Amino acid sequence: DSTWPDSIVAEIMQVGSGLTHFDCEDEIVAMPVHDRSSFENLYAGQPRWEIGKPQQAIIDVADQISGSLLDAGCGTGENALFFAERGCKVTGIDFLAEPITIAKRKAEERGLTATFLVMDALAIKELPDEFDNVIDNGLLHVFSDDDCRR
């Protein structure tokens, strides 16, 4: 098993703007490529990136984001729900059912409207909607070079 670094990279891309990414603590970390079973095992406990609130890197750029938003690799939805609370039309996707179930429960408990789907981020073209913004908190590092070229 690979260990996750203490600093998780938060990458944010706002479509159609000059903001292309934001790295926590100005540090880019080389991350191992994980498969589905690795993430299922991580979610059997408490993954390091699931901190029960939005990531600070997301909060830091929140004023630059409005309109519709896709949270790719949303996990249990904290970042997506943060933007839903700010009035964004939010969709979160993750390829595991367990974190999506948790995200839906959180949205209901908080009285927020957000769409959460079990979906592979590599199939993003299949989404019927277009988004003004796309955020990612530690997703892109899990893709192989071949996946990134797709």
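Predicted model, so just to flag it, every value in this text is computed and none were measured.

Quick look at helix H3 (residues 78-85) now. A turn of α-helix holds 3.6 residues, and therefore any two residues three or four places apart point the same way. By the criterion of burial, H3 is predominantly enclosed, with seven of the eight residues buried. Buried-residue contacts for H3 involve helix H2 (56-61), strand E2 (68-72), strand E3 (89-94), helix H4 (97-110), strand E4 (115-118) and strand E5 (133-136). Gly-87 occupies a position one or two residues after H3 and carries a positive phi of about 95°.

Turning next to the confidence of the model for the chain. Summary statistics for the chain give a mean pLDDT of 76 and a share of 63% for residues scoring 70 or more. Confidence, expressed as mean pLDDT per element, reaches its minimum in the chain at strand E1 (residues 11-14) with 36 and its maximum at H3 with 97. Overall, residues 1-33 carries pLDDT values under 50, and its contacts beyond four positions in sequence, including any with other chains, amount to 77 contacts.

The next point concerns the packing of aromatic side chains. On inspection of all chains with the given rule, the structure shows one aromatic pair. Between the aromatic rings of Phe-82 and Phe-83, the centroid separation amounts to 5.1 Å while the plane-to-plane angle is 70°, which identifies the pairing as edge-to-face. Summarising the burial analysis for this pair, Phe-82 and Phe-83 share the class buried.

Attention now moves to the nonpolar core. With 19 residues, the main nonpolar core has Ile-65, Leu-69, Phe-83, Val-90, Phe-116 and Ile-135 as its most contacted residues. Counting residues per element, the ones that place at least two in this core are H2, H3 and H4. Looking at which element gives the most residues to this core, the answer is H3, with five residues. Residues Ile-93, Ala-123, Phe-131 and Val-134 belong to the second largest nonpolar core, which totals ten residues.

About the criteria used
- Residues numbered from 1 in each chain as written.
- Predicted model: local features only at pLDDT ≥ 70, side-chain atom pairs only at ≥ 80, totals over all residues.
- Heavy atoms only, no water.
- Buried < 20%, exposed > 50% of the residue type's maximum accessible area, 1.4 Å probe, protein only.
- Helix = DSSP H or I, 4+ residues; strand = E, 2+ residues; numbered from the N terminus.
- Contact = heavy atoms within 4.5 Å.
- pLDDT = per-residue confidence, 0-100.
- Phe/Tyr/Trp six-rings, centres within 6.5 Å; stacked < 30°, edge-to-face > 60°.
- Core = buried A, V, L, I, M, F, W, Y, C linked by side-chain atoms within 4.5 Å.

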